[in-house]
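Residue-level structure breakdown
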Amino acid sequence: THQLKTQILRIYTQMNCTWTNAIKTSKYNLFTFLPLNLFEQFQRIANAYFLFLLVLQVIPQISSLSWFTTVVPLVLVLSVTAAKDATDDIVTCCVSFQGEVLCEPPNNRLDRFTGTLAFSGQKYPLDNEKILLRGCTLRNTEWCFGLVLFGGPETKLMQNCGKSTFKRTSIDRLMNVLVLCIFGFLACMCIILAIGNYFWELNKGSQFTVFLPRLDGNSAAFSAFLTFWSYVIILNTVVPISLYVSVEIIRLGNSFYIDWDRKMYFARNDTPAEARTTTLNEELGQIKYVFSDKTGTLTQNIMTFNKCSINGKTYGEIRKPSGYITNLKTVDFSFNPLADPRFMFHDHALVEAVKLENPEVHAFFRLLALCHTVMAEEKKEGELFYQAQSPDEGALVTAARNFGFVFRSRTPDSISIVEMEKQRSYELLAILDFNNVRKRMSVIVRTPEGKLSLYCKGADTIIYERLHQSCSKLMDVTTEHLNEFAGEGLRTLALAYKDLDEEYFEQWKQRHHEASTALDDRGGKLDQLYEEIEKDLLLLGATAIEDKLQDGVPQTIEQLSKADIKIWVLTGDKQETAENIGYSCNLLREEMNEVFIVSGNSHEDVKQELRSEKGFFNVLISFHHLTMKRFHACILFFFFYLGAYALERSMELEFLKTACMCKAVICCRVTPLQKAQVVELVKKYKQAVTLAIGDGANDVSMIKGTAHIGVGISGQEGMQAVLSSDYSFAQFRFLQRLLLVHGRWSYLRMCKFLRYFFYKNFTFTFVHFWYAFFCGFSAQTVYDEWFITLYNLVYTALPVLGMSLFEQDVNDVWSFQHPQLYVPGQLNLYFSKKAFFKCALHSCYSSLVLFFIPYAAMQDTVRDDGKDVADYQSFALLTQTCLLFAVTIQLGFEMSYWTAVNTFFVLGSLAMYFAVTFTMYSNGMFLMLPSAFPFIGTARNSLNQPNVWLTIFLTSILCVLPVVTYRFLLIQLCPTINDKVQPL
C-alpha cells in the first residue's frame, strides 16, 4: 500500500484571507428564496407598478374596484415566475482538503498555471499540464495522488464565473421604451380626468350634495386629487401584467419547437437541436450578420492525411501527361499488420520510398510518430485507438502509423513506437508545448542509440523563421508546394528537426528546470529557452490535411444570402486555404467582380489599402448607377498576418465602411480575441442583429460575449462552444432552418401577439376614458368587476396564445423557396414605434365605436314587453359583450393559419364568457354573495332582446371595417413580399 503524508496547504495570495471550500453556484436557499425572489421580481417596473396599484386599491376613498382585480393577476404572475426561477436554481458543493504547495494567487487564467511542489527535499514544477480543472478526465490511469490547490471561490471555475452578459432582444428593448411611454400616456389621461372632476365638482357637484353630502373639508381640489389615483387604478389595464407571462409562455413554446424539430436532428451522432435559452427566439428572425468559424463549423473537422512534401518532392498528387487520373487504386497497407484499415492513400510512390528506407521519408514519419500529445489505447493486441486533443494530430499520427511508424504507447518519460515492425523506445526529455502564440510544438527525445534530437512541427511562417541558412533552396520549393496545398483548401504544417549536443542540452535542461520552478515570469523565461533551442532547424517537409465541407453548406450560404444576411467567415487558416474554402462553400462566386485582399503588415500599409479599396468601390458603384447596369457585389478579403491593424481605434471605421460595401467578408489568420473584436465592431456601429456560430473553445468569446445570438456546433472539438451558446445543433446546414423557419415564425408570432395584445387592452381601457365624461368623472367602471378581472386571464388569453404558438404565414417549404420573406424582420417592419402608434389609433377608433354605439342604442330604449332596459348594468353587459366580439373578430383577421386548437380556443373563449356571465348573474350567486354578484338577472333580461344582438353585430362590423378597407387597399396598391407569396 502506498501512503502519502498530507500537510497543511499554504497558498501565497495577495490578500491574507481564509476561505472555506464550499462552492455556491445557486442564488437561493430554503430561507432566502421567497424574499430574494420577490425582491428580484419587483425590480421589474411593471410588477412594482401593480404592487403600487394594489396599495391604492385598499384605500376606500380612492378605489372603486375590488382588491381581487389586481391581486389575482399579480399573484399568478409572481407564482409562475418564482416556480421557473426555483427550477433553474441548483446548489453545488465540494469537500474539504489538505496539502502543501507554493503557487500563484487565484486567477481566471485557464491556460496557464505557475506553482512549485516541494517534496522529499526536491522541487517539482507545477504547470498547466499537471492541473486538472473541473470536468477533466484522467485516461489510461489506474490510480494517482491528487492535491486540491484552490477551493471555494478561489477555484479557477469560480474565478471565471463572472456575471454573464444578459442578452435581450430588440423587441425587449423597444418594449421598455413603449412601457415608459404608456406610463406617461396613462398619467396624462388621469390628469385630464382629474381636471374634469375638479370642474364638474365646481359646477355640478353642489347639486348632488343633498343626497351625496361631502365630508367636512373635502374640496373640489381634494376630490380631483382622489380621482386621479382612482383612475390610475381603473386605467391600469393599459399596461397589462399578463403581457409578461404571455411573452414567456410564447418564447417557451417556440423553444420547444426547435428542440422537437426532427429536421434539425443529426442521426449519425444522435444530436438534436437545442434551444439553450428561451428569451431570444424572435431575435432569430432579425439576423443581419452571421459570423462563422471555418474548421468544424463549415467543414467536418474530420481530418484526413491527403498530401505531403518531403525533401522537395510532393506525394499524394498523381499526374499523367494528359492530366489527373481518376478512379485511383488505393495503396495496399497489408505489409503493416498495425495499419488502420480506414486510412486511404493513392500515391504508391510514398510507400515505395518508405520500403526503400529513404532517410528523409523515414525521418518525416518518425517526427509524426514522436512529436504529438496523442494517447494510445490498445484493448486487444494490434487494435490501437488514438485519443487526440485535435483532429489534426490524430490524422498525422494515423498517417505515420500506416506508413510503418506506429505510435504504440507513452509514459511521462518515454514514447514507444514500432518502426518498420521493429519496437523502439525513445526517452522523452522535454515537451515544448503548442499554444496560439508559439503556433508550434517540439519534443526532445533520446534515441535507443543515445542520440539527442529535437522534432518540431508548426505553422510554416513560424518554422521558416527558425530554419538553418542551408535550407533556403528547399524552403523555396516547399513554399511552392504549400501554396498549392493551401490553394486546394488543405490545412498545412511544416516539419523540421535538429540534432542536439549532449553537453549543451544538459546545461539547457538545468536552466529549463530552474525556469519551470520559478514563480515570477515563468512563462517568459520558458519562452526564451524555447526560442534558444528551436533555431537552426533543418527542414524535412510539410503535411497537407483535408477537412471536407459539411453537407449542405453551399446551399445554406446561398439561401442566407438570398435572405439578405451578410456572412463573414473568421478563420485562423492561411489566405489561400480560406479563399479556396470561400469558393467551395459558395461564399465567393464567379460572377463577383473582384476579390480584394488587404494584407498590409504595418499600420500605414493597412490604412492605405483600406482607403484605396474603398475609393474603388465608390467609383464602381457610381459607374453602375450611371449606366443603369446591375452591380454585382464585390468581395473584400482581409488577411490579418502580423497584427489586427484594421481593428485599431483609429482605423476601425475605415475597416467597417469598406467591409460593409461587400457581399461577404473573409478574415483569415485571426485570433479568438480578434474574432470577438470584429463582431463587436459591427454590433457597435451598424446597429444590426448579429449571430456568431462556431464549434470550439476559440469561438466562445464571440459566441457568448459579443454577438446578440451565439450558436454552438457540437462537433469534434468538445462542448465548449455548445455550453456557451444560446442554440446548438450538429451541422451548419441546420442554420437556415433555425433562421428562415423558426426564427421568422417566432418573430412573426411575437409581433402579431404584441400588436393584438396592445390593441385589445387599449380598446378595453379607452372605453373607460370616454365613459368618464358621462359619469361625472366619478371613477365608476364601465364594466362589471368580474369581467375586468377575467378579461385578460380567461376571455382573451387562450385565443391570443393560440395564435402566438401556431401562427404561420407560409409553411416551412415556402419559407425556403422564398427566403426574401426574411427581410421584413431585419427592417423591423412587423413591430416598431410606427406600428405601435397605428395600433393605438386603431384602438382609439374601436373604443369610440364600442362606447357610443351601445350608448346611443340603449338610450331611451325599452324591452319588447315595454319595460325599461336603459340601466347601468344592462349597458355594462352590452358594452363588454360588444368588446369581446370585436376583439375576437379582429384576432380572426390577424390569423393566417387556423388549426383545430386555434378554433377551439376562439370559440371556447366565447362560450366560456357566456357560461361565466350567466352563472355570475344568476339568482343563486346573488343569494350567496350579494355584494360580490350584484348583476342579478342582467344577462337573461338583456341578451334575449333582438336590438341588443343587432347592436353587437353593428358594433363589430364598424370596428373591423377600417381594417378590412386598409388591408385591401394596401394589397392592391403596395403589396408586401408576404402578400405576393401567400396567394401562390
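Because the structure is predicted, anything quoted here is derived from the model rather than measured.

**With respect to helix α7 (residues 242–260)**
For an α-helix the count is 3.6 residues per turn, leaving residues at separations of three or four pointing the same way. Between its first and last C-alpha atoms α7 spans 27 Å; for 19 residues at 1.5 Å apiece the expected length is 27 Å, and the two agree. Listed in full, the buried residues belonging to α7 are S242, L243, V245, S246, V247, I250, R251, G253, N254, S255 and I258.

**Description of the pairing of strand β13 (residues 414–419)**
Two faces, one strand: in a regular strand the side chains alternate between the faces of the sheet. Within β13, six of the six residues are buried, leaving the element largely enclosed by the surrounding structure. With burial as the criterion, each face of β13 is covered, one bearing S414, S416 and V418 and the other bearing I415, I417 and E419. Across six bridges, the pairing between strand β12 (residues 405–411) and β13 is antiparallel. Bridging across to β13, R410 finds its partner in I415.

**Some details on unusual backbone geometry**
For Q687, which is not a glycine, the phi torsion comes out positive at approximately 50°. Within the secondary structure, Q687 sits in the loop between α19 (672–686) and β23 (689–694).

**Comments concerning the sheet that holds strand β18 (residues 538–546)**
Note: strands within a sheet are paired through backbone hydrogen bonds, in either parallel or antiparallel orientation. Taken in spatial order, the nine strands line up as β7-β6-β18-β17-β16-β15-β14-β13-β12 in an open sheet, and their pairing is antiparallel. Only two strands of the sheet have a single neighbouring strand rather than two, namely β7 (313–315) and β12. If you compare each strand with its neighbour and ignore which way they point, the axes differ by 25° on average. Here strand β17 (residues 491–499) runs beside β18; their pairing, made up of seven bridges, is antiparallel. Across the sheet, the residue bridging to L495 is G541, located in β18. Its contacts with the sheet put helix α10 (residues 391–402) on β6 (304–310), β12, β15 (440–446), β16 (452–458), β17 and β18, and the angle it makes with β12 is roughly 120°.

**A look at the UniProt feature "binding site: Mg(2+)" (unreviewed entry) in the chain**
Taking the UniProt record as the reference, the feature "binding site: Mg(2+)" (unreviewed entry) is found at D293, T295, D695 and D699. Despite a sequence span of 407 residues, these residues sit close together in the fold, their greatest C-alpha distance being 10.8 Å. As for its position among the elements, T295 is in the loop between β5 (287–292) and β6. Judged by its relative accessible area of 9%, T295 is buried. The residue D699 is located in the loop between β23 and α20 (700–706) in this model. The class for D699 is buried, based on a relative accessible area of 0%. Residues contacting D699, with those up to four places away along its chain left out, are D293, K675 and G694. Within the structure, D699 has its side chain in polar contact with the backbone nitrogen of D695 (distance 3.1 Å).

Quick notes on the rules
- Residues numbered from 1 in each chain as written.
- Predicted model: local features only at pLDDT ≥ 70, side-chain atom pairs only at ≥ 80, totals over all residues.
- Heavy atoms only, no water.
- Helix = DSSP H or I, 4+ residues; strand = E, 2+ residues; numbered from the N terminus.
- Expected span 1.5 Å × (residues − 1).
- Buried < 20%, exposed > 50% of the residue type's maximum accessible area, 1.4 Å probe, protein only.
- Pairing = 2+ DSSP bridges.
- Axes fitted to C-alpha atoms, helices over the stretch in contact; angles between N-to-C directions.
- Contact = heavy atoms within 4.5 Å.
- UniProt positions renumbered as here; feature names shortened; annotations may be inferred.
- Polar contact = N/O pair within 3.5 Å; in protein donor to acceptor, adjacent residues only side chain to side chain.

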